[in-house]
Amino acid sequence: MIVKSETLTSRGRRTRAALVQAGREAFEEHGFDAVRVDDVCARAGVSHGTFYTYFGSREDLFREVAGTVVGEMFTASVVGPAVPDEPYARIEAANRLYLRAWASNSRLVRMLEQAATTDDSFRGLLLELREVFVRRGAEGLRRLQEQGLADPALDPRLTAVMLGGMVEHFARVWLDLGEQADEHDAVTLLTTFWARAIGLTPASTKGDVS
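Please read these numbers as outputs of a predicted model, since none were measured by experiment. (Residues numbered from 1 in each chain as written. Predicted model: local features only at pLDDT ≥ 70, side-chain atom pairs only at ≥ 80, totals over all residues. Heavy atoms only, no water.)

J.: Can you explain the overall build of the chain? Please cite residues and give values.
T.: Scanning the chain from N- to C-terminus turns up eight helices and zero strands. Listing every helix and strand of the chain by position from the N terminus yields α-α-α-α-α-α-α-α. With respect to the three principal axes, the spread of C-alpha positions in the chain is 60 × 40 × 30 Å. The proportion of buried residues among the 210 residues of the chain is 43%. Excluding contacts between residues fewer than 6 apart, the proportion of contacts in the chain whose partners are at least 24 apart in sequence is 72%. For the chain, the accessible area works out to roughly 11100 Å², and carbon and sulfur atoms hold 54% of it. With 25 positive and 30 negative side-chain charges, the chain shows a spacing of 4 Å between the two charge centroids. (Helix = DSSP H or I, 4+ residues; strand = E, 2+ residues; numbered from the N terminus. Buried < 20%, exposed > 50% of the residue type's maximum accessible area, 1.4 Å probe, protein only. Contact = heavy atoms within 4.5 Å. Areas by Shrake-Rupley, 256 points an atom, 1.4 Å probe, with all protein chains shown as cover. Lys, Arg positive; Asp, Glu negative; His and termini not counted. Charge placed at Lys NZ, Arg CZ, Asp CG, Glu CD.)

Below, the structure written as structure tokens:
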């Protein structure tokens, strides 16, 4: 019987966390198809039977790892209060943080995308990853429109999908395919495209896109 997270003891939570961390390391190093349950158990220092106390399969473990990545990428790309309350600066910060979050997790994201082609639960996780960024971008654009700082004719959600797709695609080409680019120059150009697309200029001094 698999023990549910909410019923775990402190020791159980530590064991489960060790398995998740071991699985993440193994998936990142070797890829999903090459990792066996025994490999994860060896890394975590637990028995084969212990694994099945917490997870029903390697796929279940990967779902947990992928869910962790989704949460980490969202948290890592949140524009905090240290960035000036000025739209252009906050878009720039969001782009920089997203590229760095992608750099830290790109291999696992690619695995999730591959798994999503054949498994609806993985597809759901992938959609969740994208949705958190789309929703945040759409809400930010809507606020700027209400403040008269962005083109009111733009559909907030579709605009966020399209501009977010631009940043995501660049992240792939740059970090996964090896396109040569300086981070500062790349972030500046992405931000210029984003700002112009929504009718914003660097001279804007109000608003919030976090």
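J.: Residue-level account of the packing of aromatic side chains, with values.
T.: Inspection of the entire model under this criterion finds ten aromatic pairs. Between the aromatic rings of Phe62 and Phe122, the centroid separation amounts to 5.3 Å while the plane-to-plane angle is 65 degrees, which identifies the pairing as edge-to-face. With a gap of 60 residues between them, Phe62 in helix H4 (residues 58-76) and Phe122 in helix H6 (residues 120-146) connect regions that are remote in the sequence. Looking at Arg58, its charged tip hangs above the ring of Phe32, at a distance of 4.1 Å from the centre. The lysine or arginine in question, Arg63, covers the ring of Phe122, its NZ or CZ lying 4.8 Å from the ring centre. (Phe/Tyr/Trp six-rings, centres within 6.5 Å; stacked < 30°, edge-to-face > 60°. Lys NZ or Arg CZ within 6 Å of the ring centre and 35° of its normal.)

J.: Run through the packing of helix H5 (residues 87-116) against helix H8 (residues 183-197), naming residues and quoting values.
T.: Where H5 meets H8, the closest approach of the two axes is 9 Å, and the angle between their N-to-C directions is 130 degrees. With respect to H8, the axis of H5 lies oblique. Two packed elements cross with a definite hand, and for H5 against H8 that hand is right-handed. Contact residues: H5 offers Tyr88, Ile91, Glu92, Asn95, Arg96, Leu99 and Arg100, while H8 offers Glu183, Val187, Thr188, Leu190, Thr191, Thr192, Trp194 and Ala195. The residue makeup of the contact of H5 with H8, split by class, is seven nonpolar, four polar and four charged. (Axes fitted to C-alpha atoms, helices over the stretch in contact; angles between N-to-C directions. Parallel < 35°, antiparallel > 145°, perpendicular 65-115°, else oblique. Left-handed = near helix turned anticlockwise from the far one by under 90°. Nonpolar A, V, L, I, M, F, W, Y, C, P; charged D, E, K, R; others polar.)

J.: Please provide a residue-by-residue account of the nonpolar core, values included.
T.: Among the nonpolar cores identified, the biggest contains 56 residues, and Phe27, Phe51, Leu61, Phe62, Met73, Leu99 and Ile198 are the most heavily contacted of them. At the level of secondary structure, the elements contributing two or more residues to this core comprise helix H1 (10-30), helix H2 (37-44), helix H3 (48-54), H4, H5, H6, helix H7 (156-176) and H8. A per-element tally of this core places H5 first, with twelve residues. Ignoring anything within four residues of it in the chain, the contact list for Phe62 reads Phe27, Phe32, Leu108, Met111, Leu112, Ala115 and Phe122. (Core = buried A, V, L, I, M, F, W, Y, C linked by side-chain atoms within 4.5 Å.)

J.: Lay out a nonpolar patch on the surface with the relevant residues and their values.
T.: Residues Leu158, Val161 and Met162 make up a contiguous nonpolar surface patch of about 300 Å² in total accessible area. Counting through the fold element by element, Met162 comes out in helix H7. (Patch = residues over 30% accessible without salt bridge, like charges linked within 9 Å, V, L, I, M, F, W, Y side chains within 5 Å. Salt bridge = Lys/Arg side-chain N within 4 Å of Asp/Glu carboxyl O.)

J.: Report on the side chain of Asn95, specifying residues and quantitative values.
T.: Looking at where Asn95 falls in the secondary structure, it is placed in helix H5. Not counting the four nearest positions on each side in its chain, Asn95 is found in contact with Val167, Val187, Leu190, Thr191 and Trp194.

J.: Break down the packing of H5 against H7 for me, with residues and values.
T.: For the pair H5 and H7, interaxial distance at closest approach is 9 Å and the crossing angle is 75 degrees. Here H5 is positioned roughly perpendicular relative to H7, judged by the angle of their axes. Residues Asn95, Tyr98, Leu99, Trp102, Ala103, Ser106, Arg110 and Glu113 of H5 pack against Val167, Glu168, Phe170, Ala171, Arg172, Trp174, Leu175 and Asp176 of H7.

J.: How would you summarise H5 if you had to cite specific residues and measurements?
T.: Helix length check: H5 (30 residues) gives 34 Å between terminal C-alpha atoms against 44 Å at 1.5 Å per residue, more than 12% under. Bending of H5 peaks at approximately 70 degrees at the position of Asn105. The N-terminus of H5 is capped by Glu86, whose side-chain oxygen sits 2.7 Å from the backbone nitrogen of Tyr88. (Expected span 1.5 Å × (residues − 1). Bend = angle between axes of the 7 residues up to and from the residue. Polar contact = N/O pair within 3.5 Å; in protein donor to acceptor, adjacent residues only side chain to side chain.)

J.: So what's going on with the environment of Asp38? Which residues, and what values?
T.: Relative to the helices and strands, Asp38 resides in helix H2. As a C-alpha pair, Asp38 and Tyr52 span 14 residues in sequence and 11 Å in three-dimensional space.

J.: Kindly report on the confidence of the model for the chain, identifying the contributing residues and their values.
T.: Averaged over all residues, the pLDDT of the chain is 88; the fraction at 70 or higher stands at 92%. Note on residues 205-210: pLDDT is under 50 here. Beyond four places in sequence and across chains, it has 31 contacts. (pLDDT = per-residue confidence, 0-100.)

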